[in-house]
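As a plain string of letters, each chain reads:
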Amino acid sequence: MTQTHRLFGPFVSGEAGHDRFLTRRAFLQTSALLAGSVAFVGMPSPGAAQVTRNPLKIPPTASPYGFNLTCGPATSDLGGGTISNVLAYNGQFPGPTFIGWRGDTIFGRIINNLSEETITHWHGMVVDHENDGGPHHTVIPGASRNYKFPIIQRAALNWYHPHPHMMTARQVNLGLAGAFIVRDAEEMKLKLPFGPYEVPLIIRDATLRGNNLDYNAPASGFNGRLPMVNGTLNPKLNVDRGYYRFRVLNGANARVFRLALSNGAPFRVIGNDGGFLPAPVSVTQITLGMGERLDLLVDFRTLAAGATVMLRCLDAGWDLLQFVGTGVTAPTVVPPTIMPKIETLVGPSVPTRTFSFDGMSRINGQEFDMNRTDFTVPFGVVERWRFVSGGNGPHPIHVHGASFQVVSRSGGRGALMPWEAGWKDTVLLLDGESVDILIRFDGYRGLYVLHCHLLEHEDHGMMANFVVV
Ligand SMILES: [Cu+2]
C-alpha cells in the first residue's frame, strides 16, 4: 500500500483501481478540484514519499533542584548526520526537559559561555522579579546568575529561553530553548499516559545554510524554510497501539502553526499554557501561536504495524512529524472526562487598560525603554486588559508575572478558540483582532514585562515595563 492510500484511509481502500468509496477517476477529479488547497487534511505533500525520516529526538530530562545550565555554542545532529552549529543549553538542542513539582523550590544557575549577553526566562512560571529572567538581568559572557524560587502554580508545560533585549530572536532561533514540566498531585490522579507515552514536541521552523542553522530576519519576523520538531528535521516517532500524551510548544520565532492529523482524527485537548482545561475538548485543527502550549491526547489504538499518520501544519502545507505504528499494545489509558477544578476570574466588563500592538515594534505608539515604567498594576486585583492589533500580525501577547483567562475576541476569528479556556500566559492576536483577558497578579509585587512573542517584534521594541504594586 502506498503512503497516499494510508493517508487517504477513510476515503480510499484496497489496491489502486479498486477503491471502495471512490473510483480512481472520481478520486482524480476530486483531487483536481482541490488542487491548490493545502487545507485538505488528507492531502499528502508533494514528494512526501521520497523523504527519509529521522528518529525524533527526545531531550533528556533534568532535575531543577541544583541545576547548572550552560548557554554556549555546540553542535547538534539535526537528523541523518546533518551536524549543525547551534547555541545550546548544556550542549543539547533542544535543552534538557526540567521536571519539577508544585510546592518544591527550584535552584541552580545559568552560566554564560556565549560571546554576548544572555539571560534565561522561565516562560509561564510565576516567579518574583529577581528570578524572572527578564531583560533587566542580562549576564555578561563568562559570568553566571543564580536562581532560586518556589513552584507556586499548577501542573503545566512551561519552557525556558533567552530574553536579552534585542538579542532574543537570534539566540532562540539558533537553538536556545527547552521544556519545563511542572507536575502536581491533581495531575497524578488523572492517570495520563506517561514514560515513553508522554512526549514533548517543540515545533518550530528553521533555515539551513549548508548543514548549519542560519538566522537572518527582517522586523516582520523569521520565515524559516523547513519545519523541525525537537531539533529534528523530517522526524518520525514509532508509536504503540494506545493513547499518547503530547506536550506541544510552538517554539518558532514568528510562525503560527495550524496543526492537524493526516487521517483527520481529532486531538483531544486536555491542557494549554496554564495547565488543564476546565473540560477536555476534541478538535481536528488547532491554531497555535508562538510561545503557546498544548496538552494533547492522541488515540493510536487502531494504528496497525507499519501504518503511518502525519502531524501536519495546514497553513504551511508541511509534514511536521510522522507517526509509525509498531503494532505493540500500549498500557490501557482511560482519557479523563472530569478535569481539576479551576477558579473562574470575575472582573470588570469594560477594559481597565487597552494595549494597541502597532506596526512591528510599538505598544500604544511606544517602543520599549528599559528604564521607563509604562504602567502600574495593583496587587491582587482582577483587571480587564484589551489587546488590539494595529496590523502587521500575528502578535502572540505574553505577560510575565501571572497567568490570565481569555474572555472574548472580536474581529478576525471573532470567537474564543476551544483550546484557549482555562489559564493562559500567551494569547494569539491575528490582524484585525481584539482580545480581552482577565488578569490578577497575586504572586509577587515588582517589575515585569508584557510583550509580543513574535521574537523579532519583541527585539524591535514591542514590549512594555509594568510594576505590580
Ligand atoms: Cu508582534
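Since we're looking at a predicted model, the values are computed, not measured.

### Concerning the pairing of strand β5 (residues 95-101)
β5 sits mainly inside the fold: five of its seven residues count as buried. Of the strand pairs in this sheet, strand β2 (residues 61-62) and β5 are connected by two bridges, and their pairing is parallel. Bridge assignment links threonine 61 to a residue of β5, and that residue is threonine 97. Bridge count between β5 and strand β10 (residues 178-183): five bridges; the pairing is parallel. Across the sheet, the residue bridging to glycine 95 is glycine 178, located in β10.

### Some remarks on the coordination of the copper ion
Ideal values for angles at a metal depend on the geometry: 109.5 degrees with four tetrahedral donors, 90 or 180 degrees with six octahedral donors. The protein atoms donating to the copper ion are His395 (ND1), Cys452 (SG) and His457 (ND1), with metal-donor distances spanning 2.0 to 2.1 Å. Sequence positions of the donors to the copper ion reduce to the motif H-x56-C-x4-H. Of this pair, histidine 395 sits in strand β28 (residues 395-399) while cysteine 452 sits in strand β32 (residues 446-452); the two residues are 57 residues apart in sequence, bridging distant segments of the chain. Each member of the pair, histidine 395 together with cysteine 452, is buried.

### Examining a nonpolar patch on the surface
Where nonpolar side chains cluster on the molecular surface, the patch consists of Tyr65, Trp101, Phe107 and Met188 and spans about 360 Å² of accessible area. Examined against the element boundaries, tyrosine 65 turns out to sit in strand β3 (residues 65-77).

### Some points on the environment of arginine 362
Structurally, arginine 362 is set in strand β25 (residues 362-363). Along the sequence, arginine 362 and glycine 461 sit 99 residues apart, while their C-alpha atoms lie 6.0 Å from each other.

### Details of the sheet that holds strand β26 (residues 375-377)
Pairing is mixed in the open sheet, where five strands are placed in the order β26-β33-β32-β28-β30. Every other strand in the sheet has two partners, leaving β26 and β30 (426-429) as the edge strands with one partner each. Across the sheet, the axes of successive neighbouring strands diverge by a mean angle of 25 degrees, strand direction being ignored. Relative to β30, β28 runs antiparallel, the two being bridged by four bridges. Within β30, the position partnered with histidine 395 by the bridge is leucine 429.

Thresholds applied
Residues numbered from 1 in each chain as written. Predicted model: local features only at pLDDT ≥ 70, side-chain atom pairs only at ≥ 80, totals over all residues. Heavy atoms only, no water. Buried < 20%, exposed > 50% of the residue type's maximum accessible area, 1.4 Å probe, protein only. Helix = DSSP H or I, 4+ residues; strand = E, 2+ residues; numbered from the N terminus. Pairing = 2+ DSSP bridges. Donors = N, O, S within 2.8 Å, 3.2 Å for Na, K, Ca; no water. Patch = residues over 30% accessible without salt bridge, like charges linked within 9 Å, V, L, I, M, F, W, Y side chains within 5 Å. Areas by Shrake-Rupley, 256 points an atom, 1.4 Å probe, with all protein chains shown as cover. Salt bridge = Lys/Arg side-chain N within 4 Å of Asp/Glu carboxyl O. Axes fitted to C-alpha atoms, helices over the stretch in contact; angles between N-to-C directions.

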